[in-house]
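Each chain, letter by letter, is given below.
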Amino acid sequence: MPRTPRRDRRPVISLANRPFRELRHPHRPYEILEEGQIEALHDASVTILETIGLEFLDEEALAIWQRHGARVDFSRRRVWIERGLLEKAIQTAPATFRWRARNPDHNLIVGENQIHFGPCGGMVYVSDLREGRRPGTQADLENFVRLSQMCHTLHFAAWEQVAPQDIDSSTRHLHRLYAAFRLSDKAVMEAAHGRVITADTIAMARLVFGSEIDQGDPVIGDVINVNSPLRYDERMLGGLITLARAGQVAMITPFILAGAMSPVTMAAALAQQNAEALAGIALTQLVRPGAPVVYGGFTTNADLRSGAPAFGSPEGAWAMLAGAQLARRYRLPYRGSGTLTSAPIPDGQAMSESLWTLWPAVLGHTNLVMHAAGWLDGGLTASFEKFILDLEQLAMMDHFLAGFDLDPESLALDSIAEVGPGGHHFGTLLTQARFAGAFFEPAVATRQNFDAWAAAGGVDAAGRAYRVWQAMLRDYEAPPLDPAIDEALRDFVARRERELAGVNLYG
């Protein structure tokens, strides 16, 4: 067999063959606010909870609040939460927890200075350079799971990267989760949209991991979005209660656009985010003390001229860093986002705005960095090319956080003396010995000069990313899955499809 040219092998070597490792930030988190400012936000949040209250559009949630001493108006479905009740409830939330994966080597510890990256989630459309922008399908979803499994700078492999619109909405969750377990052995997430869907996902997880998950050993979870301002809807509350009761992971995440869902100032947006997040976190602990829960932040500003979200803005960076500080105040793991952009295509704007999201997430010690690869078009589209461009940024971040050696061998004084003034180090024994792994080698970025780049076809970054994901899919191999578990999952999906035929779970 002829030898594969080196440049053809680079994409697979530099992205797919990176080792899986839990990422720890070796330095102190960047703190954008002083301690007094954090306390001012806390006090404002408690004032909101005590005097304004939140709506909980679910009878069971209202009953739980009333049973634990909150003031509840059932006719208005509003709850006022007193400071003492709030503080007592959130104290039982764990500061860290283990999130199990199908492959124990891919288990994650969530909290402290751990940083884990997850793919984009919840997109309606998918795009690539060959077929353009189109409604997502199950095949697209499965290809994203394959790429997520292959690239180990992603710690999660499945999170509804795109909605498979060729499958009925009431059974999509079954096919998504089966694909996640079949095509990946990393940690997975699945939609917690109400009680029925969430119960199905927990039942499928039980088939894979066994009944020990009923003891509160988390293996699955999802984001619980607040319907800001100050409202939890029935579907999200059904998911929250079901996850918490089963000891699985709820990431409580207000989605606030300053100027639209909150007052126009970032201080007010953060105070409201904190109030909404703390209310949901407290509810998980009233359902099951000690249930794993994550403080989520998804606050940015609205573009006041268009009303659209402004992703990748300096204001969003402020909110990311401040949210991380607030989560640390309560000794809670923090969820943020990694590569958000409003750009409609994977261009310079897309990458610039993405880095304005990724760097604050990492500097602030965000424990779960979701939407870390593939986000495009304000979150409407999952782009295969943007996915690869983002994966390269995550690989560079992984490399950066690993740091560099500073020992006698690395100081290389003998090599400096050997070459002396005016020489070069390309041919030294040290360079030759370390040639293969001396520096980060990109899969997508080119370091050719203009003439060499043009002579090679003048392909831009998106075009090079297209070649990379195509090559990665050709090399994909599914991780082993016990045939008995696979059969049990297929039987469960088939049975639930029959039972849910004609049922509207999103009414």
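What comes next concerns the included structure. (Residues numbered from 1 in each chain as written. Predicted model: local features only at pLDDT ≥ 70, side-chain atom pairs only at ≥ 80, totals over all residues. Heavy atoms only, no water.)

### Some words on the state of the cysteines
Our working definition: The disulfide criterion is simple: two cysteine sulfur atoms within 2.5 Å.
Summed over all chains, the structure comprises zero disulfides. Cys120 carries a free sulfur, and the closest cysteine sulfur to it, the one in Cys151, is 13 Å from it.

### Re the pattern of salt bridges
A side chain of one charge can pair with a side chain of the opposite charge if their charged atoms are brought near each other. For clarity, the threshold we go by: For this analysis, a salt bridge means a side-chain nitrogen from Lys or Arg found within 4 Å of a carboxyl oxygen belonging to Asp or Glu. Put simply, DSSP H or I for four residues or longer makes a helix, DSSP E for two residues or longer makes a strand, and each gets a number counted from the N terminus. Summary of the burial criterion: residues with accessible area below 20% of their type's maximum are buried, those above 50% are exposed, and those between are partly exposed, where the area comes from a 1.4 Å probe applied to protein chains only.
In total, this model carries 27 salt bridges according to the counting rule given. Among the ionic pairs, Arg21 bridges to Asp398, the shortest N-O distance being 3.3 Å. In this pair, Arg21 sits in the loop between α1 (6-16) and β1 (23-24) while Asp398 sits in helix α12 (residues 384-402), placing the two residues 377 residues apart along the sequence. Overall, Arg21 belongs to the partly exposed group, its relative accessible area being 28%.

### Comments concerning the sheet that holds strand β8 (residues 125-128)
Rules: The pairing criterion is simple: DSSP has to find at least two bridges between the two strands.
Taken in spatial order, the four strands line up as β9-β8-β21-β20 in an open sheet, and their pairing is mixed. Of all the strands in the sheet, just β9 (132-135) and β20 (375-376) have a single pairing partner and so form its edges. Both β8 and β9 contribute to a ladder of four bridges, which runs antiparallel. In the strand pairing of β9, Ser127 is matched with Arg133.

### Concerning the packing of helix α2 (residues 35-52) against helix α10 (residues 314-329)
Test applied: Convention adopted: a line fitted to C-alpha atoms gives each axis, helices being fitted over their contacting stretch, and angles between N-to-C directions are expressed from 0 to 180 degrees. Geometric relationships in this document are graded by angle, where less than 35 degrees denotes roughly parallel, more than 145 denotes roughly antiparallel, 65 to 115 denotes roughly perpendicular, and other angles denote oblique. In this analysis, two residues are considered to be in contact whenever any of their non-hydrogen atoms come within 4.5 Å of each other. Here the nonpolar group is Ala, Val, Leu, Ile, Met, Phe, Trp, Tyr, Cys and Pro; Asp, Glu, Lys and Arg are the charged ones; every other residue, Gly included, is treated as polar.
In the contact formed by α2 and α10, the axes pass within 11 Å of each other and the chain directions differ by 80°. In terms of orientation, α2 lies roughly perpendicular with respect to α10. For the pair α2 and α10, the contacting residues are Ile38, Glu39, Leu41 and His42 in the first and Ala322, Gln325, Leu326 and Arg329 in the second. When the residues that make up the contact of α2 with α10 are grouped by side-chain class, the tally is four nonpolar, two polar and two charged.

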